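Each chain, letter by letter, is given below.
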Amino acid sequence: MDKNGDLVRKHTSLRDQHDAIERHTQSGLDLLERYMKFVKERAEIEQNYSKQLRNLCKKYTRRGSKEDQDTKLVSQQGFQDVLGQLNDYAGQREQLSESLTVSICVELSRSLTELRQERKNHLAEIKKAQQNLESSFKQLESSKRRFEKEWKEAEKANQQTEKVEQDASATKADVDKAKQHANVRIHFADECKNEYASQLQKYNKEQNNYYYADIPFVYKKLQDLEERCVRMLADGYVQFSDSEKKILPNINKCLDSIISSGRRIDEKQDTLALIEQYKSGAVPPADVEFEDFSQAVKPAAAENTAHLPKVRIKQLFLKKNKVTSPDKPMPCSQEDLSRLPPDQRRRRLQEKVEEVQKELQKELEQSEALMKMKGVYEQNSQLGDPASLQPQITQTAHNIARLRGELKKQQVQLTEAGGGTIKYYPSSSEYISVLSESSVSPTDEELYECDFDEDFDSDMPIAQCRALYDFDGSSEGSVSMSVGEQLSVMDQDQGDGWVRVQKSTGDVGYVPASYIQII
């Protein structure tokens, strides 16, 4: 009870500060709105920051050639890891922006609308109470003026009655009439007096209710509204900090990952990986021998002419005289790999085999899809004409035949380079049916395009040689030999200082050209 009395007294003491209270409550809501706009702009800054970080990561993410992407350098991969972690960091900033928008801006906007309406209702209650009190006061003043007027009229009637009674010429009737008029005025004055007293009592009651009940009650509501507004601001300040603290563990995790990426980099490992990638396996050339012109020595040109590879001449002759039919696709452009070191040649051949295998797989899948579509058309002719698919099916069959020949050729070359064994891919039943139905069947030349048949002739020995020095053949693709050992030359030196030979045991590999002598 004492607590309520103190509260009433406190609110009563502000009865003449209505304008100040109205301004203060409005300033509290304005501050809440300002804070909401501040958080909204902060969220937009975080959103733009996240977007700029993502664009930065996208700009510097490696999108070079396949060879660059396959480079296994730890330093380059570390930079890509840094970009990846920075992209995750940008995601955390974006999450912070969403959290600020949802947990603070949206909630404050909704609450601000409710508080404004509530304040408006409370102020309307005060205004209504003021209007009721002013209306009651006007009625009191009106009854007071009427009472004053009627009382003066009553006094005037009494004075007139006394004059009539003192007038000797006045008759009894005049005296009675004057007394009757005075009594009527006195009666009206008494009624106005009672009405004035009643209005006064009513006004005093309403005034007490206004200052001790209505106003304190409304001010109590405005106080609760102000306290809730202040509490929302306080909670908003806390959420502003908590929203960022929640993402700090993930941000620290991203930053720790970046630190780990830097610490994992080993400069020696990078240099060794680069050496391993580009090593050719080539042996340095032997010392230049002394040429004694005083002895009868055959010219080098004549010696080389005596051992020209006949198979190579045959190949050149066949290639010059080979005419490609205009109906057939042009032969595949061949990349000259003969001048590459053995290790790099094997890597390049392996890449070409994988490329051809991917193309062949795509063509097989397309052929299978066309055959299924053709079967559907044959079952339901309303969906389409099966004959309309025949040109595509035929073209796909030719492509498959060409790719099979190219794949077999590349695999043979890879096997000769010591990089693997030949893998044969049996034709599918759909492919066989396509060839049987097609009006144009692929010929042997189409199956083995790109001069595949000519490369088989190169497996024949083109000369014999004798080893001048011992060679251990420890590197990949090479073969060992002993001094004086006789070998078959399978392929001459293409300018890289290596010759492919075959031993009597059947082993084939590369030996340094300066370590052998043609016989």
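Just so it is clear, the structure is predicted and the values come from calculations on it, not from any experiment.

K.L.:
When you look at a nonpolar patch on the surface in this model, what are you seeing that I'm missing?
P.N.:
A contiguous nonpolar surface patch, about 290 Å² in accessible area, is contributed by Leu56, Tyr60 and Phe79. Residue position: Leu56 is located in helix 2 (residues 18-60). You can call Leu56 partly exposed: its relative accessible area is 40%.

K.L.:
What am I meant to see in the nonpolar core here?
P.N.:
Among soluble globular proteins, nonpolar side chains are generally buried collectively. Among the nonpolar cores identified, the biggest contains 22 residues, and Leu32, Tyr35, Val39, Leu100, Ile104, Leu108 and Leu115 are the most heavily contacted of them. Among the elements of the structure, helix 2, helix 4 (74-166) and helix 5 (172-264) are those that each provide at least two residues to this core. Excluding residues that lie within four positions of it along the chain, Leu115 makes contacts with Leu29, Leu32, Leu225, Arg228, Cys229 and Met232. Grouped together as the second largest cluster of nonpolar side chains are 16 residues, Ile462, Met481, Trp498 and Tyr510 included.

K.L.:
Just checking my understanding: could you explain the pattern of salt bridges for this structure?
P.N.:
Opposite charge on two side chains makes pairing possible when the charged atoms of those side chains draw close. Counted under the stated rule, the structure contains 21 salt bridges. Salt-bridge contacts for Glu94 lead to Arg54; the nearest nitrogen and oxygen are separated by 3.2 Å. Taken together, the residues span a long stretch of sequence, with Glu94 in helix 4 and Arg54 in helix 2 at a distance of 40 residues. The exposure class of Arg54 is partly exposed, given its relative accessible area of 30%. The network of salt bridges with common partners includes Arg42, Glu46, Arg93 and Glu244.

K.L.:
Just to check I follow, could you spell out the sheet that holds strand 1 (residues 463-467) for this structure?
P.N.:
The strands making up a sheet associate through hydrogen bonds between their backbones, and the pairing can be parallel or antiparallel. The strand order 4-3-2-1-5 describes an open sheet built from 5 strands, whose pairing is antiparallel. Only two strands of the sheet have a single neighbouring strand rather than two, namely strand 4 (508-512) and strand 5 (516-518). Ignoring strand direction, the axes of neighbouring strands in this sheet form an average angle of 45°. Where strand 1 lies against strand 5, 3 bridges are found, and the strand directions are antiparallel. Among the inter-strand pairings, Ala467 is bridged to a residue of strand 5, identified as Ile516.

K.L.:
How should I be thinking about the packing of helix 4 against helix 5 in this particular structure?
P.N.:
Between two packed helices, what matters for the description is the angle formed by their axes and the separation of those axes. Where helix 4 contacts helix 5, the two axes come as close as 7 Å, and the packing angle between them is 175°. Taken as axis vectors, helix 4 and helix 5 run roughly antiparallel relative to one another. Residues that form the contact of helix 4 with helix 5 fall into these classes: 43 nonpolar, 24 polar and 23 charged.

K.L.:
I keep staring at the environment of Tyr210 and nothing clicks. Help me out?
P.N.:
Looking at where Tyr210 falls in the secondary structure, it is placed in helix 5. On the basis of relative accessibility, which here comes to 6%, the residue Tyr210 falls in the buried class. Linking Tyr210 and Ile126, residues 84 residues apart in sequence, is a C-alpha distance of 9.0 Å. Residues within four places of Tyr210 in sequence aside, it is in contact with Ile126, Ala129, Gln130, Leu133, Ile215 and Pro216.

K.L.:
Teacher, can you tell me more about the packing of helix 2 against helix 5 here?
P.N.:
Where helix 2 meets helix 5, the closest approach of the two axes is 11 Å, and the angle between their N-to-C directions is 20°. Judged by the angle between their axes, helix 2 and helix 5 are roughly parallel. The two elements helix 2 and helix 5 meet at a crossing, and its hand is left-handed. Along its contact with helix 2, which presents His18, Ile21, His24, Thr25, Gly28, Leu29, Leu31, Leu32, Tyr35, Phe38, Val39 and Arg42, the element helix 5 presents Tyr219, Leu222, Glu226, Cys229, Met232, Leu233, Gly236, Tyr237, Phe240 and Glu244. Taken together, the residues of the contact of helix 2 with helix 5 break down into 14 nonpolar, 5 polar and 3 charged.

Analysis parameters
- Residues numbered from 1 in each chain as written.
- Predicted model: local features only at pLDDT ≥ 70, side-chain atom pairs only at ≥ 80, totals over all residues.
- Heavy atoms only, no water.
- Patch = residues over 30% accessible without salt bridge, like charges linked within 9 Å, V, L, I, M, F, W, Y side chains within 5 Å.
- Areas by Shrake-Rupley, 256 points an atom, 1.4 Å probe, with all protein chains shown as cover.
- Salt bridge = Lys/Arg side-chain N within 4 Å of Asp/Glu carboxyl O.
- Helix = DSSP H or I, 4+ residues; strand = E, 2+ residues; numbered from the N terminus.
- Buried < 20%, exposed > 50% of the residue type's maximum accessible area, 1.4 Å probe, protein only.
- Core = buried A, V, L, I, M, F, W, Y, C linked by side-chain atoms within 4.5 Å.
- Contact = heavy atoms within 4.5 Å.
- Pairing = 2+ DSSP bridges.
- Axes fitted to C-alpha atoms, helices over the stretch in contact; angles between N-to-C directions.
- Parallel < 35°, antiparallel > 145°, perpendicular 65-115°, else oblique.
- Nonpolar A, V, L, I, M, F, W, Y, C, P; charged D, E, K, R; others polar.
- Left-handed = near helix turned anticlockwise from the far one by under 90°.

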